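An overview of the molecular structure
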Amino acid sequence: QMNHITKKFGKLYANRNVSLTVERNSIHGIVGENGAGKTTLMKILYGMHPADSGEIVLFGEKVVFHSPKDAIEKRVGMIHQHFTLVPSMTVADNVVLGRPPIRFGVLDKERAWTEVEALCRRCNFQMDLKARVEDLPVGLKQRVEILKTLYRGADIIILDEPTAVLTPQEVDELFRILLQLKESGKTIVFITHKLNETMSLSDRITVIRKGKVVFCCDTADTNEKELATQMVGRQ
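First, a word on scope: everything that follows refers to the structure included in this document. Per chain, the residues get numbers from 1 upward, laid out in the order the sequence is written. Local features in this predicted model are restricted to residues of pLDDT 70 or higher, and side-chain atom pairs are both shown and tallied only at a pLDDT of 80 or more, whereas totals for entire chains, interfaces and linings draw on every residue. No hydrogens and no water enter the side-chain calculation; it runs on all heavy atoms of the structure.

A separate point is the overall build of the chain. Helical segments are the DSSP runs of H or I of at least four residues, strand segments are the runs of E of at least two, and each set is numbered from the N terminus. When its secondary structure is counted, the chain shows 8 helices and 12 strands. Taking 18 Å as the expected radius of gyration for a compact globule of 235 residues, we find that the chain reaches 18 Å, a close match to that expectation. Exposure categories follow from relative accessible area, calculated using a 1.4 Å probe and restricted to protein chains: below 20% of the type maximum is buried, above 50% is exposed, and the middle band is partly exposed. With 235 residues in all, the chain has 47% of them scored as buried. The contact criterion used is simple: two residues touch if any of their non-hydrogen atoms lie within 4.5 Å. Counting only contacts in the chain whose residues sit at least 6 apart along the sequence, the fraction spanning at least 24 positions is 64%. For a compact globule the rule gives 2.2 Å times the number of residues to the power 0.38, and the radius of gyration it is set against comes from C-alpha atoms.

Stacked, tilted and edge-to-face pairs are distinguished by plane angle, under 30 degrees for stacked and over 60 for edge-to-face with tilted covering the rest, among Phe, Tyr and Trp rings (Trp via its six-membered ring) whose centres lie within 6.5 Å. Tallied over the entire structure, the rule returns 1 aromatic pair. Put simply, a charge is over a ring when the Lys NZ or the Arg CZ is close to the ring centre, within 6 Å, and near the line of the ring normal, within 35 degrees. Taking NZ or CZ as reference, Arg-16 lies 3.8 Å from the ring centre of Tyr-13, over its face. Lying across the ring of Phe-125, Arg-143 places its NZ or CZ 5.4 Å from the centre.

Turning to the pairing of strand E9 (residues 156-160), a few remarks are in order. In terms of burial, E9 is largely enclosed, as 5 of its 5 residues are buried. In E9, alternate side chains face the same way, and those of Ile-156, Ile-158 and Asp-160 on one face and Ile-157 and Leu-159 on the other are all buried. Here strand E6 (residues 76-79) runs beside E9; their pairing, made up of 4 bridges, is parallel. Note that in E9 the partner of Ile-79 across the bridge is Leu-159. The sheet contact formed by E9 and strand E10 (residues 187-192) spans 5 bridges and is parallel. Within E10, the residue paired with Ile-156 across the bridge is Thr-187. Looking down the strands as they point away from you, a crossover is right-handed if its path from the first strand over the helix to the second goes clockwise. In this view, the connection linking E9 to its parallel neighbour E10 by way of helix H6 (residues 168-183) has right-handed handedness. In this scheme, strands are said to pair when DSSP sees at least two bridges between them.

The next thing to look at is the pattern of salt bridges. Any Lys or Arg side-chain nitrogen found within 4 Å of a carboxyl oxygen on Asp or Glu counts as a salt bridge. The full count for this structure, using the stated rule, is 11 salt bridges. The salt bridge partner of Lys-186 is Asp-155, with a shortest N-O separation of 3.2 Å. Remark: Asp-155 occurs in the loop between helix H5 (138-151) and E9 and Lys-186 occurs in the loop between H6 and E10; sequence separation between them is 31 residues. Here Asp-203 and Lys-182 are joined by a salt bridge, their closest N and O atoms 3.0 Å apart. You can see Asp-203 sitting in the loop between helix H7 (195-201) and strand E11 (204-209) and its partner Lys-182 sitting in helix H6, a full 21 residues away along the chain. Given a relative accessible area of 23%, Lys-182 falls into the partly exposed group. Where salt bridges share partners, they join Arg-75, Asp-155 and Lys-186 into one cluster.

With that settled, consider helix H1 (residues 38-45). Most of H1 is tucked away, with 6 of its 8 residues classed as buried. Among the residues of H1, those classed as buried are Lys-38, Thr-40, Leu-41, Met-42, Ile-44 and Leu-45. The positive-phi residue at the C-terminal boundary of H1 is Gly-47, with phi of around 80 degrees.

Here a cavity denotes grid points, spaced 1 Å and computed from the protein atoms alone, that fit a 1.4 Å probe unable to get out, and a pocket denotes an open set having protein on both sides within 12 Å along at least 5 of 7 lines; residues with an atom within 4 Å of a point are the lining. Grid points are joined across faces, edges and corners, and a volume is the space filled by probe spheres set on the points. Approximately 300 Å³ is the volume attributed to the largest pocket. Every residue lining the largest pocket is counted, 16 residues in all, and those nearest its centre are Gln-1, Val-22, Val-57, Leu-58 and Ile-156. Elements supplying a minimum of two residues to the lining of the largest pocket: strand E4 (53-58) and E10. Looking at the lining of the largest pocket, the element that brings in the most residues is E4, giving 3 residues.

Next up on the list: the side chain of Thr-187. Relative to the elements of secondary structure, Thr-187 occurs in strand E10. Note on Thr-187: relative accessible area 5%, which makes it buried. Every residue in contact with Thr-187, bar those within four places of it in the chain, is listed here: Val-22, Glu-23, Arg-24, Asn-25, Ser-26, Asp-155, Ile-156 and Ile-157.

Our focus in this paragraph is the sheet that holds E11. Taken in spatial order, the 6 strands make up an open sheet running E6-E9-E10-E3-E11-E12, and their pairing is mixed. Of all strands in the sheet, those with a lone pairing partner are E6 and strand E12 (212-218), marking the two edges. Between one strand and the next, the sheet's axes are offset by a mean angle of 15 degrees, whatever the strand orientation. Inter-axis angles, ranging from 0 to 180 degrees, are taken between N-to-C directions of lines fitted to C-alpha atoms, where helices are fitted over the stretch in contact. The strands that H6 touches are strand E3 (27-31), E9 and E10; relative to E10, the one it contacts most, it runs at about 145 degrees. Its contacts with the sheet put helix H8 (residues 224-232) on E3, E11 and E12, and the angle it makes with E11 is roughly 30 degrees.

Structure below.
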């Protein structure tokens, strides 16, 4: 739960008294026009921005995040629209970056490799762990980001406009992965302005307009036309 979250940048309200509840083990779509405040709200949940007021309650516990490190420790992960990978490093090295297995004070490469291989098997990911990230297509780079987030133990995974750079085939594969993660017990928060995608993927949808929540319902109880009207404030 995010309760009564307000965030200003100068005189501009990015979020104004926003309350959001995401059910455990669900896919929750957050939609709105560009600049509506969707990403700012999720960056607050991930510890990248402090809220000016309001609170976050995670699994029944009130939490305060001062940085993404705090959020990661509480099993919250975020995959940004622009990836945060090191292009010259391998898939395996990128996945363990930030939380590498250490033995005798140095990186335990063998253990890192074993752990990432096991994670790929659990997720049914076909990945060449020796490949350099710079040589991968965009869809596989995104998969490395998902692996990195899962490796850090995330139970709540936020994705910011994840389909913006994907081909239609890569979008289908991403959706398969997200549904599989939900089935394995993960909670997905999906930021988008593509209404057909959130209608096909999410269990519940929240609409944000000009920094405020204006609409929230189960996906089965709405349609693209209603969502578009709520997004822009008119037919």
